[in-house]
Amino acid sequence: NYQYSIIITCFNKEKTILRAAESALAQGPNVEVIIVDDCSDDESQQALAKLSKETRLRQILHETNCGALASYLTGFRAATGKYLVMLDGDDILLPNILNSITDSSLLGLDVCMRMGMAPLNSDTDYREFKVEKVAKKFAFIPGYLFAVTQNTGGTAYIFPKSLFEKSDTEWEQIFIQDHILPGVLSFYCRKFVKLKTVGYKFEPNYSKNSLGQQTHRKNSERVLSDLQILKRAQELKVNLVAQKLLKIAAFVRVRKYIKKYSIQLPDLSLRLFFEDNEIFHNVCRNVALAIISQR
């Protein structure tokens, strides 16, 4: 009977996971909160002990580290709410945001929404803020045009569980992170809406080396995500113009990373774009492998 199921992924988020969970539970009685711990080896579980009596909170523990995408899928499949909300373990929902979305005219069974996040100072009390109403920044109609923007990750999303169920069978074959989720979901919805900032991202200090390696991995996966989205568009036979735009987006990202990482690979001129899809995909995959091999 829940309106919303808020899925929070957690991997070594002991400094922020409690704040994320509290902000989710504060959305009201019409939400359930599902925390998927992806085999954390820090004190994340101890940090959540304060909420052990919360009946609207469930925790699911992975026995092995599976990654953010697998964690979200675990939570989605366990959810009972009509709408699913993605929230990272270091993000915070502002008070009353979900009620404001419910009261708006933006909700719909064929609409996916992206909720923007802004940096949050560690000593700021997010409870001082309250969202009274929400407004869209802009919308992509049809929804799959969102995938063309190359800007599909890094924030929270809200979408009907029925949209996820339409695409659920294909996720098991995707072995990259959650950057791909909103892009692929956008093929199943009529409208994709970007909301103005409605949440805050808590950013603890990471070591330079750790952040650098994490960035390499994400950049590699973004290339693979572009390819998967392009492949899905071709399988669904969406508008040919949109397919061309998706291929341009993938090509632009690859060219940017080739320059950034000084990758030496053959056949990387503009004519690559006009090659058949298999050659194009192979070159992009090689770029992804070259990025992840950076040390």
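Residues numbered from 1 in each chain as written. Predicted model: local features only at pLDDT ≥ 70, side-chain atom pairs only at ≥ 80, totals over all residues. Heavy atoms only, no water.

### Observations regarding unusual backbone geometry
Here the amide bond leading from Ile141 into Pro142 is cis, since omega sits at 0°, within 30 degrees of zero. Mapping Pro142 onto the fold places it in the loop between strand 7 (136–140) and strand 8 (156–160). We note that Asn96 has phi near 75°; this positive angle belongs to a residue other than glycine. Along the polypeptide, Asn96 turns up in the loop between strand 5 (91–93) and helix 4 (97–103). The backbone of Lys237 shows a phi angle near 55°, a positive value even though the residue is not glycine. (Helix = DSSP H or I, 4+ residues; strand = E, 2+ residues; numbered from the N terminus.)

### Some details on the pattern of salt bridges
Once the charged atoms of two side chains with opposite charge are near each other, the side chains can pair. All told, the structure shown has 8 salt bridges when counted by the stated rule. Two residues, Lys13 and Asp90, come together in a salt bridge whose shortest N-O distance is 3.2 Å. One end of the pair, Lys13, is in the loop between strand 1 (4–10) and helix 1 (17–25); the other, Asp90, is in the loop between strand 4 (83–88) and strand 5, with 77 residues separating them in the sequence. In terms of burial, Lys13 and Asp90 fall into one category: buried. One salt bridge connects Glu278 with Arg285, and the closest N-O pair in it is separated by 3.4 Å. (Salt bridge = Lys/Arg side-chain N within 4 Å of Asp/Glu carboxyl O. Buried < 20%, exposed > 50% of the residue type's maximum accessible area, 1.4 Å probe, protein only.)

Remember that the coordinates give geometry; whether it matters functionally is a separate question.
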